[in-house]
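As a plain string of letters, each chain reads:
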Amino acid sequence: MSAADEAQSSGLAASPADGRASIAVDLGAESCRVSLLRWRDGQAEIALVHRFPNGPERDAEGALRWPLPTILAGVDEGMRMCAERAPEGVRSVAVDGWAVDYVRADASGEPLAAPFCYRDERTSAAEQRLHERISPARLREITGIQRQPINTLYQLYADRLAGLAAGARWLNLPEFVLARWGGEAVSEYTNATHTEMVELENRRWSREICEAAEIGAETMPRMVGSGTRLGRLRGEHARLPAFRETELIAPACHDTASAIAGIADEREDWGYISSGTWSLVGTVLEGPRNGAAARAAEFTNLGAVDDRILFQKNVNGMWLLRQCMEAWSAAGGRWEIEELCAAAERVATPEGTLDVDDPELLLMERMPERINAQRTARGYAALDTSPAGAPAMASLIFHSLAARYAGLLTQMEELTGKRLARIHLVGGGSRNALLRRLTEQASGRTVLTGSAESSTLGNFAVQLAALDRHDRGDGEPLRRRAAQYLRCFKF
């Protein structure tokens, strides 16, 4: 049965009555992507139209910030390229991206400064100071969120301590881009939960937390659900014929929530590993788990499509390897990721594994030396940090990630009472056959390879489902319609 026939048998039209294209923008901490979906013979054909690198930079004071003008220029270029390829016009645009970081904007919506990167060390002091005003235990009780200094809450409090942008509104990066194009300034639910300021049970901003952090109510965006229509695209892009009457939609703006929405598995007995710069290991639940055991294990309850919960643990990921590759490149040795993975399979199994969540391994620069410092402190021999030693160090990283994943999956079953028969591996790590095999061996579970562009697929599925729901005027859960669309996609 073809994808179109399968979709029709499940009650989904072969293609929408409105056959215009759609655009998904996925903002990544290492690269940003702009993709175009067009309909052909009942199948949605998706093309990656524009991809450009991203990464934080140090400003004159040494702070880590995102190159906002570069990001915006790259996304705008992708929009123009999509307009040229879609003579039928563009029906909708949606944006997802990494969480926690935000743009401060003035009354006219213009950014006041380049946004800080979550890896900037300013949040360490802010975290300690804030906990003098509200305890970590109380924060966890209210939000159900894993304590991490990168969370938006600590960044906003760091602004407060530094006297920065007092009273200025803030928007997370995906919502800022949508507002810049003419959409309502909002905070989408899945992204909002990552701020550590949302009440777990009531799904609203916590007054108690905002008062403790001295965050003014006037700066808090209105919270909306996944799939909310934010208005028509305006401004420069709207002058292009393809963008006449184009709608702006907040999908699951948190890229992990979009990635999980991109998994077409409607059964219940599965978990996921979203493997990119970070690794998110979790499962989807109908309601939160915030009991003593979940709190002690530091599992988090983040938002998912249809107000469900991503019960997961946020751990280190391919950041480890990328930082090593930058160090090897600076030393004159250039490795391609596919070549390095193949070489890592040929070396001996490493002695011991890393604590991948050691705070030292979350920092930028000198990653091979940081890894060796941990190994020697734990009684293991140091590895060769030169480019020649790259395969052995890559093997250590992959074995360490797989072991961490396996332990978390077992722990998650104990905390939820849910049997995880299958694990969907999505994101950039899904291209790594060695990591998939090691994870399968370490966990004793079937590991299914999903799409490296799962966030883009979920973005498209949710925005199309949201348009359908509006056109039909019914209350069908977004995830069900989105899963049907996923079966029509060809990437």
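Before reading further, recall that the structure is shown in the block above.
What you see is a predicted model; the values in this text were computed from it and never measured.

**Q** Tell me about the pattern of salt bridges, and please be specific about residues and values.
**A** Pairing between side chains of opposite charge can happen when the charged atoms of each approach one another. One pass over the full model with this rule turns up 35 salt bridges. As a salt-bridge pair, D159 and R104 come within 3.2 Å of each other at their nearest N and O atoms. With D159 in helix 5 (residues 152–162) and R104 in strand 7 (residues 102–105), this residue pair connects regions lying 55 residues apart in the sequence. One exposure class covers both D159 and R104, and it is buried. The salt bridge partner of E453 is R431, with a shortest N-O separation of 3.7 Å. Pair noted here: E453 is in the loop between strand 18 (446–449) and helix 16 (454–472) and R431 is in the loop between strand 17 (422–426) and helix 15 (433–443), with a separation of 22 residues, a long-range link. The buried category is assigned to E453, whose relative accessible area is 11%. Since its relative accessible area comes to 57%, R431 is described here as exposed.

**Q** An account of the sheet that holds strand 12 (residues 247–250) is requested, with residue identities and associated values reported.
**A** With mixed pairing, seven strands are arranged side by side in an open sheet as 11-12-6-1-2-3-19. The outermost strands of the open sheet, each flanked by one partner alone, are strand 11 (228–232) and strand 19 (489–490). Where strand 11 and strand 12 come together, four bridges link them in antiparallel fashion. When the bridges of strand 12 are listed, G231 appears paired with L248. Along the sheet, helix 2 (residues 68–85) makes contact with strand 1 (21–27), strand 2 (31–40), strand 3 (43–53) and strand 6 (90–97), crossing strand 3 at roughly 145 degrees. Packed on one face of the sheet, helix 6 (residues 173–180) meets strand 1, strand 6, strand 11 and strand 12 and runs near 150 degrees to strand 6.

**Q** Talk me through the sheet that holds strand 13 (residues 270–275); I want residue IDs and the actual numbers.
**A** Strand pairing in a sheet is mediated by backbone hydrogen bonds. Such pairs are either parallel or antiparallel. With mixed pairing, the six strands of this open sheet are ordered in space as 15-16-14-13-17-18. Strand pairing shows two members of the sheet lacking a second neighbour, strand 15 (300–303) and strand 18, which therefore form its edges. Here the strands of the sheet are splayed against their neighbours by 30 degrees on average, with no regard to which way each runs. For strand 14 (residues 278–285) and strand 16 (residues 309–316), the ladder comprises eight bridges, and the chain directions are antiparallel. Opposite L285, over in strand 16, you have I309 as the bridge partner.

**Q** Kindly report on the environment of E188, identifying the contributing residues and their values.
**A** Position of E188 among the secondary structure elements: in strand 9 (residues 186–188). As for E188 and E414, which are separated by 226 residues in sequence, their C-alpha atoms are 31 Å apart. Ignoring anything within four residues of it in the chain, the contact list for E188 reads E175, V224, G225, S226, A250, P251, A252, C253 and H254. Here T190 takes part through its side chain, which lies 2.5 Å from a polar atom of the side chain of E188.

**Q** Which residues make up the environment of P67, and what are the values?
**A** Relative to the helices and strands, P67 resides in the loop between strand 5 (64–65) and helix 2. C-alpha of P67 to C-alpha of E57: the two residues are ten residues apart in sequence and 6.9 Å apart in space.

**Q** Got a sec to walk through the nonpolar core? Specific residues and values, please.
**A** The biggest cluster of nonpolar side chains holds 118 residues, and the ones touching the most others in it are I23, L27 and F398. A per-element tally of this core places helix 14 (residues 390–416) first, with 13 residues. In this structure L27 touches C32, I71, V75, V95, D96, G97, W98, L173, P174, V177 and D255, once residues within four positions along its chain are discounted. Judged by nonpolar contacts, the second largest core, of 33 residues, contains I145, L457, A465 and L486.

**Q** Can you tell me about the packing of aromatic side chains, naming the residues and giving the values?
**A** This model, assessed by the stated rule, comprises seven aromatic pairs. Geometrically, the ring pair formed by Y118 and W278 is tilted, given 6.1 Å between the ring centres and 50 degrees between the ring planes. Linking Y118 in the loop between strand 7 and helix 3 (122–130) with W278 in strand 14, this pair joins segments that are 160 residues apart in sequence. The burial state of Y118 is the same as that of W278; both residues are buried. Ring plane angle 75 degrees and centroid distance 5.9 Å describe the contact between W170 and W205, whose orientation is recorded as edge-to-face. Note that W170 is positioned in strand 8 (residues 169–172) and W205 in the loop between helix 7 (189–193) and helix 8 (207–212), a separation of 35 residues in sequence. A relative accessible area of 0% means that W170 is categorised as buried. One aromatic cluster is present, formed by W66, W98, Y118 and W278 through successive ring pairs.

What counts, and at which threshold
- Residues numbered from 1 in each chain as written.
- Predicted model: local features only at pLDDT ≥ 70, side-chain atom pairs only at ≥ 80, totals over all residues.
- Heavy atoms only, no water.
- Salt bridge = Lys/Arg side-chain N within 4 Å of Asp/Glu carboxyl O.
- Helix = DSSP H or I, 4+ residues; strand = E, 2+ residues; numbered from the N terminus.
- Buried < 20%, exposed > 50% of the residue type's maximum accessible area, 1.4 Å probe, protein only.
- Pairing = 2+ DSSP bridges.
- Contact = heavy atoms within 4.5 Å.
- Axes fitted to C-alpha atoms, helices over the stretch in contact; angles between N-to-C directions.
- Polar contact = N/O pair within 3.5 Å; in protein donor to acceptor, adjacent residues only side chain to side chain.
- Core = buried A, V, L, I, M, F, W, Y, C linked by side-chain atoms within 4.5 Å.
- Phe/Tyr/Trp six-rings, centres within 6.5 Å; stacked < 30°, edge-to-face > 60°.

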